[in-house]
Amino acid sequence: MSTEHFELLPNAAPTATNIREDILASPGFGQYFTDHMAHVRWTLDGDWHGHSVRPYGPLTLDPAAAVLHYAQEIFEGIKAYRHADGSIWTFRPEKNAERFRRSARRLALPELSDADFIGSLKALLSQDHAWVPTPQGEADECSLYLRPFMIASETFLGVRPAQEVDYYVIASPAAAYFKGGIEPVSIWLSEHYKRAAPGGTGFAKCGGNYAASLAAQKEASANGCGQVAFLDAVENQWIEELGGMNLFFVYQDGRIATPRLTDTILEGITRDSVLTLARDEGLTPEERPISIAEWREGAANGEITEVFACGTAAVITPVGELVSDQERIRLAGDNGNPIAKRLRTKLLDLQYGRAEDTHGWLTRLV
Ligand SMILES: Cc1ncc(COP(=O)(O)O)c(C=O)c1O
């Protein structure tokens, strides 16, 4: 997967080194962007063409561009990690490429090949590698967050799949997602709002899913919670996932369960990796329906010993309590979340090149 098919149009006024270094010392999340972006254009009669890496900057869109009206848009989230020898790697990008194609099919957008998806990350990093922060010790979970996205850019107000589409990758240096690190977080249970329904777009990573989750997120914030847990839209009893993370439950007897995939759940790459790492650790992974009653009862009787959320941005984060208007579900005992911490360390050690990549999950970008 070469980067040669991306033409380089260099930024004539890149960020000054001292300013970039100040940003990298305290990047926050999603606030600062690198000097370039990757771009590929698709037209109905021209397929994918015009591959470039060009200066980061505002897009020019006609006010009638389809994405602004009908939300025909998809995106991905993936990180670049700097290893101790200075090399830069990413984690299972072929899984993101595959999910991006799945999302594209659901949103009636054109599919992008692995070569273009992974090639675009490599091409962007070939220019902006200085923006990948260097971890200051093992507790420093800094990275460069990469955001590939695809939009319906055709100027047309008819409701039909766009015939002109643009794909971009932008990049933003990132510190740890939750400021508390691995402090357990409180999750809000949305009793009214649903994230996804059967036959809908829940399994796709499209902007509309996140727009639909914001009212619930607002409710969560008002109640002191950082994330929302959603139940299924049909029976209102099956746990699906959080607004931006998948959920796992650890049991006293060594089982570790996560809701089975349906078309209302986003198939997380961290989720898939945790299932494999859990098996490596001698745990028994299960993918099956998990009800809110099981969470309530298992938390009360001690059968569930840990709950954690996982995703690219937050890695693995213990869930301390589930809060709703009716109740607070807390685990009977506080055992310090040893399994979540162990899996988290294993995953981070792999991503930062501190452990042998036995599963072949790393791809070198630079
Ligand atoms: C709704 C949702 N679920 C789960 C995840 C976790 O997916 P991944 O582990 O691939 O980041 C994300 C984040 O991408 C998400 O937005």
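All values derive from a computational prediction rather than experimental measurement.

S.K.: Explain the site of the ligand to me, and be specific about the residues and the numbers.
M.R.: Of all residues adjacent to the ligand, which total 17 residues, the nearest are Lys205, Tyr210, Glu241, Thr270 and Thr312. Take Ile269: an N or O atom from its main chain is 2.8 Å from an oxygen atom of the ligand. Bound to the protein, the ligand loses 95% of the 380 Å² it would expose on its own. More than half of the atoms belonging to the ligand lie within 2 Å of the grid points that define the largest pocket.

S.K.: Describe the layout of surface pockets, and please don't skip the residues or the numbers.
M.R.: Space inside the largest pocket adds up to approximately 620 Å³. In terms of lining, the largest pocket is formed by 31 residues, of which the most central are Tyr177, Lys205, Tyr210, Gly243 and Gly244. Of all the secondary-structure elements, those providing two or more residues to the lining of the largest pocket are β7 (143-152), α5 (207-222), β11 (239-242), α6 (269-280) and β15 (304-311). When residues of the lining of the largest pocket are assigned to their parent elements, the largest contribution, 4 residues, is made by α5.

S.K.: Just give me the short version of the domain arrangement of the chain, but keep the residues and values in it.
M.R.: If you check the domain split of the chain, you get domain 1 (7-175) and domain 2 (185-351). Every contact between the two is made by 21 residues of domain 1 and, on the other side, 23 residues of domain 2. Of the roughly 2,000 Å² buried between domain 1 and domain 2, counting both surfaces, carbon and sulfur atoms make up 56%. If you look at where domain 1 meets domain 2, you find 3 salt bridges. Residue Glu141 is joined to Arg344 by a salt bridge in which the shortest nitrogen-to-oxygen separation is 2.6 Å. The interface formed by domain 1 and domain 2 includes 14 residue pairs in polar contact (both at pLDDT 80 or more). Here the side of domain 1 that touches domain 2 is composed, by residue class, of 7 nonpolar, 4 polar and 10 charged.

S.K.: Account for the side chain of Thr90, with residues named and values stated.
M.R.: Among the structural elements, Thr90 can be located in strand β6 (residues 88-91). Within the structure, Thr90 has its side chain in polar contact with the backbone oxygen of Lys79 (distance 2.7 Å). The contacts of Thr90, once residues within four sequence positions are left out, are Ile78, Lys79, Tyr81, Trp361, Leu362, Thr363 and Leu365.

S.K.: Pulling in residues and values, what's your account of a nonpolar patch on the surface?
M.R.: A cluster of nonpolar side chains, contributed by Tyr70, Leu157 and Val159, occupies part of the molecular surface with about 310 Å² of accessible area. Among the structural elements, Leu157 can be located in the loop between β7 and β8 (164-174). Take Leu157: its relative accessible area is 48%, and that puts it in the partly exposed class.

S.K.: Residue-level account of unusual backbone geometry, with values.
M.R.: In this model, Asp47 sits at a positive phi of 55 degrees, which is unusual for a non-glycine residue. Mapped onto the elements, Asp47 comes out in strand β3 (residues 47-55). Unlike most non-glycine residues, Asn337 shows phi in positive territory, near 55 degrees. Its location among the elements puts Asn337 in the loop between β17 (328-330) and α8 (338-351). Assessed through its relative accessible area of 8%, Asn337 is described here as buried.

S.K.: Help me get a handle on the packing of aromatic side chains, residues and values and all.
M.R.: Summed over the entire model, instances satisfying the criterion amount to 10 aromatic pairs. Ring centres of Phe100 and Phe117 lie 5.6 Å apart, and the angle between their planes is 50 degrees; on these two criteria the pair is classed as tilted. Of this pair, Phe100 sits in helix α3 (residues 93-106) while Phe117 sits in helix α4 (residues 114-128), and the two are 17 residues apart along the sequence. An angle of 80 degrees between the planes, with centres 5.0 Å apart, marks the rings of Phe249 and Trp295 as edge-to-face. Of the two residues, Phe249 is situated in strand β12 (residues 246-251) and Trp295 in helix α7 (residues 292-301); the sequence distance between them amounts to 46 residues. Residues Phe249 and Trp295 agree in their burial class; the two are buried. Of the aromatic side chains, those joined through ring pairs into one cluster are Phe100, Phe117 and Tyr167.

Procedures and definitions
- Residues numbered from 1 in each chain as written.
- Predicted model: local features only at pLDDT ≥ 70, side-chain atom pairs only at ≥ 80, totals over all residues.
- Heavy atoms only, no water.
- Near = heavy atom within 4 Å.
- Polar contact = N/O pair within 3.5 Å; in protein donor to acceptor, adjacent residues only side chain to side chain.
- Areas by Shrake-Rupley, 256 points an atom, 1.4 Å probe, with all protein chains shown as cover.
- 1 Å grid on protein atoms, 1.4 Å probe; cavity = no way out; pocket = protein on both sides within 12 Å on 5 of 7 lines; lining within 4 Å.
- Sits in = over half its atoms within 2 Å of the grid points.
- Points joined across faces, edges and corners; volume = space filled by probe spheres on them.
- Helix = DSSP H or I, 4+ residues; strand = E, 2+ residues; numbered from the N terminus.
- Domains from an automatic or database assignment.
- Contact = heavy atoms within 4.5 Å.
- Buried area = accessible area lost by both parts, 1.4 Å probe.
- Salt bridge = Lys/Arg side-chain N within 4 Å of Asp/Glu carboxyl O.
- Nonpolar A, V, L, I, M, F, W, Y, C, P; charged D, E, K, R; others polar.
- Patch = residues over 30% accessible without salt bridge, like charges linked within 9 Å, V, L, I, M, F, W, Y side chains within 5 Å.
- Buried < 20%, exposed > 50% of the residue type's maximum accessible area, 1.4 Å probe, protein only.
- Phe/Tyr/Trp six-rings, centres within 6.5 Å; stacked < 30°, edge-to-face > 60°.

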